[in-house]
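Single-letter residue listing:
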Amino acid sequence: MTCGYSRIEMVRTRYVFFATVLLIACGSSSESSSSSGPDAGTEVDAGSTPGGGDEKDAGAEPDGSADAGPGPQFRIETPDMPVGSGQETTWCYFFRTPNAEPLGVRRWTLTIGETVQSAVAFTTPTDRRPAGTLSQVADCSIFYEGSGPAHWLLGTHAPSAELVTPPDDGTGRPVAFELPTSTAGFIMVHLLNTSDADKTTKVELTAEALPIGTRYTKTAPFMAYNDDIEVPMATTGDLETKDCAVPAGAKFWHVTTRTHKRATRASVKDGTATVVETTDWTKPEAKLWTSPFYTFGSGSLTSECMYDNDSNFTVRTGPSMVRDEECIAVGHFFPALDAVYCGGKNM
């Protein structure tokens, strides 16, 4: 059993508020995602303009903008996560956000330590494990029986990555993630230690919200998850696809892909048009748009992933970075009432 300390801090600017919560995390031992940097000059489809959206008011003040000054911020830091010399393993850290009132988050940042190959942060409808738990169990996967799918926030393979929502939805209102009070979530961390020494490392998730009272347009994740991957042993060029209907009027401001190490290509398509394509799974391509954002003219999002399997077993869908594969198209869109999922085990 491995035990460590994690720290969750909440800072509320423009108000006198600061709280620090120290959590003890223990887990038993056993066995990302998107690069969120902007892609300047990315393509924009100025096609159909959606109707109204889900308007949120984080308080009782009139309309505001993302430039109205700093809002509440918080930080979640995992405990030390060990990985032995020459070992590859995945940890999951479960948390509750420290906000005592609903927030409209405009910036997520992930910072990863040495030996971290990838990290992805999610929120979940309910607790999968008690907050503060560090473990290596099956409930670390995106889809987990009994709790519903996880809501993708941000993933990274780089030392640090951030995802910043558009400051203007086209009507002058900022876009933000709705974060209810004390939201459950987890950070999935894959470690690879190629050194001659045992290592420990940490991951930090930070959030920056709009000022309390700012009205915003709610954004949410769209995830196309192929749960039927089957790549035969000693195979090259195996193509796996997933077609998903896109909500009418959805405006996408961010799209990326996620696979594991056997993928040679991953792409997101709008009909026959390629929206984003990745050829290095450790450096997934990401597209970001400003107004008028991107609308899927075909009404459908298709994720395509190609794999080479030089192992002596069939590779199937699963969370293990060692034995399994994933083919995920992740986007963030508005106007949104809730996250949208296509595929998976709990639909």
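Residues numbered from 1 in each chain as written. Predicted model: local features only at pLDDT ≥ 70, side-chain atom pairs only at ≥ 80, totals over all residues. Heavy atoms only, no water.

**Q** I'm lost on empty space enclosed by the protein in this one. Help?
**A** Take a probe with the size of a water molecule and roll it over the atoms, and the empty space left behind shows itself. By volume, the largest cavity amounts to about 50 Å³. Every residue lining the largest cavity is listed: Thr90, Ser118, Val120, Met188, Val189, His190, Arg258, Pro319 and Met321. Of all the secondary structure elements, the ones that give two or more residues to the lining of the largest cavity are β8 (116-124) and β13 (184-192). Split into classes, the residues belonging to the lining of the largest cavity amount to 5 nonpolar, 3 polar and 1 charged. (1 Å grid on protein atoms, 1.4 Å probe; cavity = no way out; pocket = protein on both sides within 12 Å on 5 of 7 lines; lining within 4 Å. Points joined across faces, edges and corners; volume = space filled by probe spheres on them. Helix = DSSP H or I, 4+ residues; strand = E, 2+ residues; numbered from the N terminus. Nonpolar A, V, L, I, M, F, W, Y, C, P; charged D, E, K, R; others polar.)

**Q** Even after reading the chapter, I still don't get the pattern of salt bridges, so can you show me in this structure?
**A** When the charged atoms of two side chains with opposite charge come close together, those side chains can pair. Under the criterion given, the structure shown has 14 salt bridges. Between Lys202 and Asp80 there is a salt bridge, and its shortest N-O distance comes to 4.0 Å. You can see Lys202 sitting in the loop between β14 (199-201) and β15 (203-209) and its partner Asp80 sitting in the loop between β4 (73-77) and β5 (81-83), a full 122 residues away along the chain. Close ionic contact of Arg265 with Glu277 constitutes a salt bridge, the shortest N to O distance being 3.8 Å. With a gap of 12 residues between them, Arg265 in strand β20 (residues 263-270) and Glu277 in strand β21 (residues 273-278) connect regions that are remote in the sequence. Given the relative accessible area of 39%, Glu277 is considered partly exposed. Bridged by salt links that share partners, the residues Arg106, Arg107, Glu162 and Glu208 form one connected network. (Salt bridge = Lys/Arg side-chain N within 4 Å of Asp/Glu carboxyl O. Buried < 20%, exposed > 50% of the residue type's maximum accessible area, 1.4 Å probe, protein only.)

**Q** Looking at this structure, I do not really get the pairing of β13. What am I missing?
**A** Two faces make up the sheet, and in a regular strand the side chains alternate between them. With 8 of 9 residues buried, β13 lies mostly within the body of the structure. Note: strand β6 (residues 88-96) against β13, 9 bridges, orientation antiparallel. Paired with Glu88 across the bridge in β13 is Leu192. Bridge count between β8 and β13: 8 bridges; the pairing is antiparallel. The residue of β13 that forms the bridge with Thr123 is Gly185. (Pairing = 2+ DSSP bridges.)

**Q** Please explain the nonpolar core as it appears in this structure.
**A** Grouped together as the largest cluster of nonpolar side chains are 53 residues, with contacts concentrated most on Trp108, Val203 and Phe252. Per element, the largest residue contribution to this core is 5 residues, and it comes from strand β7 (residues 103-112). Excluding residues within four positions of it along the chain, Trp108 makes contact with Phe74, Leu153, Leu154, Ala161, Glu162, Leu163, Phe177, Leu179, Leu205, Thr206 and Ala207. Of all hydrophobic cores here, the second largest spans 17 residues; its members include Phe94, Phe122, Val330 and Tyr341. (Core = buried A, V, L, I, M, F, W, Y, C linked by side-chain atoms within 4.5 Å. Contact = heavy atoms within 4.5 Å.)

**Q** Before we go on, may I ask you to explain the state of the cysteines in this structure?
**A** Two cysteines, two sulfur atoms, one covalent bond between them: this is a disulfide. In total, this model carries 2 disulfides according to the counting rule given. Between the sulfur atoms of Cys244 and its disulfide partner Cys342 the distance amounts to 2.2 Å. Taking the torsion about the sulfur-sulfur bond, which here is approximately -85°, the covalent link between Cys244 and Cys342 counts as left-handed. In this pair, Cys244 is assigned in strand β18 (residues 235-245) and Cys342 in strand β26 (residues 340-342), connecting sequence segments 98 residues apart. Across the pair, exposure class does not vary: Cys244 and Cys342 are buried alike. A sulfur-sulfur separation of 2.0 Å characterises the disulfide bridge that pairs Cys305 with Cys327. Residues Cys305 and Cys327 share a disulfide whose torsion about the S-S bond is about 85°; that sign makes it right-handed. Of this pair, Cys305 sits in strand β23 (residues 300-309) while Cys327 sits in strand β25 (residues 327-334), placing them 22 residues apart in sequence. Each member of the pair Cys305 and Cys327 is classed as buried. (Disulfide = S-S within 2.5 Å.)

**Q** Honestly, the environment of Asn99 in this entry has me stumped. Any pointers?
**A** By the element assignment, Asn99 lies in the loop between β6 and β7. By relative accessible area, Asn99 is classed as buried at 2%. Here the alpha-carbon distance between Asn99 and Gln73, two residues 26 residues apart in the chain, equals 8.9 Å. A distance of 3.3 Å separates a polar atom in the side chain of Asn99 from the backbone oxygen of Leu179. From its side chain, Asn99 meets the backbone oxygen of Pro180 in a polar contact 3.0 Å long. (Polar contact = N/O pair within 3.5 Å; in protein donor to acceptor, adjacent residues only side chain to side chain.)

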